[in-house]
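Overview (structure and organization)
The primary structure of each chain is shown beneath.
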Amino acid sequence: MQSRWLLRSCSRQLQSRRNKNNAWQRTQQHSRATQIHCRSSTLMMGAISSLHCLDVSNRFISTDSAADSFFRNKRRSRNTSKHPRHRNSSADKSSSMQPHSKEISETTRRLLSMNSSLTQHGYALRDFEQILINAREDESLLQKLQISPADTRTMLLIPPQLLNDVHEAVVHYSKIDSLVEIDIPVHNQLEAADNKIMENEIGMNTIKKKVPSTMVCALLLELIGIPQYYSHISTPTSTDSPPIMTVHSSQVDKMIECSLLTAAALSNTCRVGRNSLIGYDFNSQNINNAHSATKTAAALAEEIWRSVSNMQILYTSGNRGSDISDEPDLPRPPIRIGRIGFISEQEYNPLIEYVSALREVADEGNADGDFVNEQDTISDVDDFDYIDDPSVVPTTSSVGNNVVPWSPKDQRRYDQTLMMFNSVLDAYAKLGSSASGTRPEIRREMVMNCERLLLEVVAREKTNISPETILQHVQPDGISFNTVMKAWAGMSPKQRGNSKDEYAKTISSATAERTEGILEMMHEYYEKERAHMNTLETIQASWRERGGSSIALGVLSTAPNSIPVTPNTASYNIALNAWSKSSDPDSAIKALELFKRMVQRCNNACIAREAMVIDSAEAAHGTNPRVFNAIPDSRTFTALLSALNHTSSTFNEACDLVLSIFVVMKEWDDQLRWCSEHKIGPPYLFRDSNRVLNEFTYNALIRTLSRLPATNSWEEHYECCNQIDKIIEEMSESVSPNAITRGFGINAWAACAMQAQSDKSHVEQCAEKASVHLFHLLSDYTKFESEKSVKINAINDVINLYGKASQPIKAVEVFETAKEKQLYNLQSLAVIVDALAKNSYMDISYVDKAKQYLLEFERDKMRMSPSLVFPDMKYTKMYNSVISGYLNCNQKDKGLAQAQSLLAYMIESHESNPRHIARPNTTSFVPVMSSLAYNDGPQLLEKLLSKMESLYQRRNSILPHSPDAKLVANVEPNTTACNTLLKAYARVGNRQSALQLLGRMEKDANLSSARPDDNTHAIMSTLFSDDSSAKTFSSDSSGNGKKVNLDILNVNGINLKDLNLNGQDLKPTAKSFESMMNIYTTSGTVEGAEKATELLHQLERMNASGEISFKPERFLHNYNNVINAWCECERNDNASVSVSEKAEAVLDYLFEQHRKGVEALSPNNASFSLCIKSWCRSNRPDAPERAEQILRRKEVFAKEQSNVYISAPDYNQVIAKWRDAQVNGPDRARRLFKEMDQNYGSAAELKARPNTVTFNSLLDVLAKSKSRDLASECEELLKQRNELFKEGKSSILPDIISYRSCIDAWIRQWQKDSPQKVEALVKDMIKKYSMEGRKDLRPDADIFNLVLKACAHATVTWHEDIEKEANDTPISIANRTFALLKGKNEFNANPTHATYAFMFIAYKFHLDFDNSRYTPLLLMLWKQCCNDGLVSQFALESFQDCVLDYQFWKAIGGEERFALLGKTDPKTIKVEDLPQEWKRNVKPPKRRGKGTK
């Protein structure tokens, strides 16, 4: 290189001092430690292990991320020196030697001018290769480094001044966390076309650009060949092992530090925040936007790490003397060894004494020339390699007798490379976090890259390493594993319990499982490393885990890769947090299991034997971040409680579980308190911040309790709220509740009040309880001054509660207090206005007060800045609340006048000033119009509707994106408003105006949101009644509930031809009249059907005269609707007339029209089918015969008309109807089925072929016949149809309903062998389900209950010897079936309430009452029924019939308990009187069809 390099001697001196400071990181003090025998704690639901063996005297001090840890240590190393007396002088000297930022900027500009990668077509590797060649040919440099030209062929050799300048610039820019302005050199005119060009002092054209400081570091790093040179030499060939770059020992430290700073800076750019660079392209060519492929910061950091981790250090000076300073003489506190007592304060370390004894024995053995086995002296030590010189630290690698020592510099290089590796993992973890905002597939790729990198390093071969190869054998530490776990845990956002995103739920559960999998892999890795160590090496590793100094142990120091990875508290907390994010119902169980394993492993680890024997002074005071302990802390319990929010347990179980965790937390703090009183353990453990029960865990506990009630049960919410109050009261004794705690308490009572529904006493109770929390919250204003928003929300909740509790005076008191303390916002005003308005039914003065508050706010708002005021919906809602309050007040007339006045004020204010906050909307008009409809004439309503139309037209005249679009009123006439005017017209009998409005509702563009609905047609139908005085209307403006008078409609007096508005034809359409008629056809009454028939005839006459225009086919559709109306009357048992004959009369009328040649009224398929359906619903004795006659008429007519055809449902209905004919019903059903099978079994028209429903209809007739001997015939038909279908001779395949019909037939036999027959049919279903793949025949609980029903209804066998045929008796079959339902089966069938009821009956009829097993069996069965929550009225009555009265009273809780309810007779006990837990799982029975369609 020909560039001039500025000499920076001060910088080199500073760097030398920094290197020496870093070597001073291994010195430690010895601190006392002890083991705590904790009192046993309460077990939580079998999932929480006892904590009595937990060692509480040591706590892991976790680091949140690798990058944050690096910068924290970096700041600490800059701000501290080795001895206090040198601290100030050292800092002053460092600051004096710090180069000026302007000089660094100048150096950076000159360095970047060398990097041709800044040009559009440059390639940085080309420049570096030239630098590398010049350095290898520099004889003075080679002589200084004592290397030969042959050695430099594979070396990464950098000119010293270049390396110093790059190092200095990287150190400077890595501290900057924003964009920096640098001079970018321009090498051609094309690049400068659109840029402002400046010429520097050396004549080079440059462009000033702002780029991320991290990118500057990466560009500077390219000048020393990282990472592009390594990528270059590793790309051409693919070998099993990566290429090795040799680096001289005098240059490797600055290379490592530059790489570490850049990697850490890249990791920080992946975070979410102000200076985040997520999505930024970290290709070096990105400055000029000339590169197409993007590279993430994590990918670039990985390349940098790979370049460093494949370096091999070359030592040429032959001097690797240790630069370790003498360890200061630190006091030795008491030491506790294992679980055995104490060693009082000593002047020596017991561990050092132990090692010295080993050395003495070994020396004696060598002097005698004999080999001495260490186990002859101390049995639990296996092997020990030693050297005599305690200043030389041995490693696991040696050649012959020459042991290569480890120095603190080697350890520093190892640690820096490990930090770099963790920074890469952290970068991938941040990019994979859900907070990054990237797509799920990208986040998953980043997280998988993070795990891939960890597994790659873990899988590296563990070979003997030396100082030369130390960078190639870096192993992950606990932070590495924790970072990968955090990557998986942070990939999915937290899921709510009511989330409907199934994909997100699946992802959250999968990421939690993977996080836990990494934790288990961490344990396996830890155990694997431990398994390869003997006892002494384990002690050495434990010393290093505790941050012990290598010099303190002398010969006991070991290589860095011998430190096992120990799961710590943070590891478990990350996994628990991952489960807390999942909405999986099993996440709570899995979190508890994980916590259980944490406690068990913590107990089994015997921390007292390893960690406490050799505690250091730094660890004792909590200043060493390398203290690894997996002991639960407050974050552990917070994450565990959060996971319980998604528990699938019952309320009582979940509540007991949460409270049991609370007990464990209290016992844990009691242990710490006891240790503090007796001064046992390190002092840092007894700080208040280390208490488990702090404000955060208390808040998590309260939040979890408040979310437990999953049902809409006031009792459950009330119980939770009482528990929360007890916890807060207990919290006040130790930890002062904060504003958030009180806010949670108020929110819990507010949620409880929501479940009280209309019970005012419950709401009042909730309001009073919440006000207590509010009093404590407001009593000390200065204490919670920083949490003002929490207090305002609490005030709003209490005001709302008082409003619901009908206590407006107390609500006003709270609001006035809030105004006095300046603790209110707009929401507070809205809440008080709503609370007062809703209680106006008590006194109109309350809504007057609400109006006063609102108008005062309006005056202040409009007076302060009228030009800046912007109308908003939240203001309109408050005005609407006041209007609603006046309309519902106790003085109706005065309230209506005040509501009209306020509405007029809103309209006037808006029209005069569009920025006025009193802007009306549709909701402002409709309630007032609804009230006016019953008091005044339609004139005022017409004016209001006209005003709504004018405001709507004004809104439509303004462009959507113009500034005025947000100022116009959101008023639009809707159906409810128009219906209100229609009611007013109906009230005065103004039919012409009503029809005119109806026509506008159908066609006018101004009423596009006011299309007619069912309520509209109901009002019109009532309006057309002859007796106008008999009209009834629903006062519900929403249109719910149709109260219409069913008088004969009269439309003859309506002149539709005169209905013309502004030259537009706006008369009602035929659809409106059809809708009016549908009001009658769907009424389900005889009167409605008659009125529909009359109206239909009138519509025919109007159509003929031309007043309305109907399509001909619409009249046939309407006549079919009339037939259906008569059919519905038959269903509702409105049998004052023969409704089926009325339906048939309509069919006869259609036949008559057909004979007259009116083809439009010729009956169709629906006409015949509806008439058949009507007769099939009739209870008349001749109904089956009449239904079959209609079927015959259809068959005849179908031969004449091609559009009429026979379908299977017609036959199905008639066959099923013959079930009512008990004498000849089975015969007629058989004949019809046979006839259909012969005539249509192979018909080309598939609709006419008999189907499975046809077959089921026949089986239903046979099974329910009075002749109880047809079960065998049903079963034979079933087998026959199965065989015919299997042979391809029939299209009928029996289904589960077919089998049920046969089973019902056998049950009705009341024979001894009925259970055997039913069980055989069920086994046949199981066989076809399992072997033939008939999924539709999978038996469910109802099918198995039919087996139990057959056992219960079989012939009584209690007096017989049941031992002879034990497997075929009803009691044996019942027990076998019940056991199948209670156990795990392939059908997912579980017992129901009918299961227990039939079992009670079966025991009653088939087990002797005098049998000693009778009563215990029934009582045990009843207990199981209660535990399963399956006690129904059926089960209760069945059990009561099986036992004596005193046994029944005892089983349900005692006679005295029900005597208080006035129930002394067992027959009066209903299932409603029993506890809810006993009947919680009872479901309503399924409605099953009978196969008639």
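What counts and how
- Residues numbered from 1 in each chain as written.
- Predicted model: local features only at pLDDT ≥ 70, side-chain atom pairs only at ≥ 80, totals over all residues.
- Heavy atoms only, no water.
- Helix = DSSP H or I, 4+ residues; strand = E, 2+ residues; numbered from the N terminus.
- Contact = heavy atoms within 4.5 Å.
- Areas by Shrake-Rupley, 256 points an atom, 1.4 Å probe, with all protein chains shown as cover.
- Axes fitted to C-alpha atoms, helices over the stretch in contact; angles between N-to-C directions.
- Parallel < 35°, antiparallel > 145°, perpendicular 65-115°, else oblique.
- Left-handed = near helix turned anticlockwise from the far one by under 90°.
- Nonpolar A, V, L, I, M, F, W, Y, C, P; charged D, E, K, R; others polar.
- Expected span 1.5 Å × (residues − 1).
- Buried < 20%, exposed > 50% of the residue type's maximum accessible area, 1.4 Å probe, protein only.
- Core = buried A, V, L, I, M, F, W, Y, C linked by side-chain atoms within 4.5 Å.
- Patch = residues over 30% accessible without salt bridge, like charges linked within 9 Å, V, L, I, M, F, W, Y side chains within 5 Å.
- Salt bridge = Lys/Arg side-chain N within 4 Å of Asp/Glu carboxyl O.
- pLDDT = per-residue confidence, 0-100.

Let us now look at the overall build of the protein chain. Summing up its helical and strand segments, the protein chain has 58 helices and nine strands in all. Contacts spanning at least 24 positions in sequence make up 73% of the contacts within the protein chain whose residues lie at least 6 apart. As displayed, the protein chain offers around 67,800 Å² of accessible surface, 49% of which is attributable to carbon and sulfur atoms.

Before going further, it helps to examine the packing of helix 43 (residues 1139-1155) against helix 45 (residues 1183-1200). The angle between the axes and the distance between the axes are what describe a pair of packed helices. Interaxial distance between helix 43 and helix 45 falls to 12 Å at its minimum, and their mutual angle equals 15°. Put simply, helix 43 runs roughly parallel to helix 45. Taken as a pair, helix 43 and helix 45 cross one another with a handedness that is left-handed. Contact with helix 43, carried on its side by Glu1141, Glu1144, Leu1147, Asp1148, Phe1151 and His1154, involves Arg1186, Ile1190, Arg1193 and Phe1197 of helix 45 and no other residues of that element. Its residues assigned to classes, the contact of helix 43 with helix 45 comprises four nonpolar, one polar and five charged.

Excluding glycine, residues mostly have negative phi values, and the peptide bonds linking residues are mostly trans. A cis amide bond, omega 0°, links Ile226 with the succeeding residue Pro227. On the secondary structure map, Pro227 appears in the loop between helix 8 (213-222) and helix 9 (228-234). Even without glycine at this site, Gln146 takes up a positive phi of about 60°. Tracing the backbone through its elements, the reader meets Gln146 in the loop between helix 6 (139-145) and helix 7 (160-173). Phi is positive for Ser806, which is not a glycine, with a value near 60°.

This part is about helix 11 (residues 297-309). In this model helix 11 runs 18 Å from its N-terminal to its C-terminal C-alpha over 13 residues, within 8% of the 18 Å that 1.5 Å per residue would give. The element helix 11 is extensively covered by neighbouring structure, given that 10 of its 13 residues are classed as buried. Taken residue by residue, helix 11 has Ala297, Ala298, Leu300, Ala301, Glu302, Ile304, Trp305, Ser307, Val308 and Ser309 as its buried positions.

Moving on to the nonpolar core. Within the largest apolar cluster, 262 residues are counted, with the highest numbers of intra-cluster contacts made by Leu220 and Ile832. Ranked by the residues each element gives to this core, the list is headed by helix 24 (residues 651-677), at 12 residues. Setting aside residues up to four positions removed in sequence, Ile832 forms contacts with Ile799, Ala811, Val812, Phe815 and Tyr853. Leu1277, Leu1430, Val1443 and Phe1458 belong to the second-largest nonpolar core, a separate cluster that totals 99 residues.

On to a nonpolar patch on the surface, then. A contiguous nonpolar surface patch, about 320 Å² in accessible area, is contributed by Phe1409, Leu1444 and Tyr1446. Turning to its location among the elements, Tyr1446 is positioned in helix 57 (residues 1445-1452). We classify Tyr1446 as exposed; its relative accessible area is 58%.

Overall, the predicted model of the protein chain reaches an average pLDDT of 76, with 73% of residues at or above 70. A low-confidence stretch, residues 321-359 stays under pLDDT 50, and its non-local contacts, those more than four residues away or across chains, total 77 contacts. Under a pLDDT of 50 for its full length, residues 546-562 has, in the predicted model, 63 contacts with residues more than four places off or in other chains.

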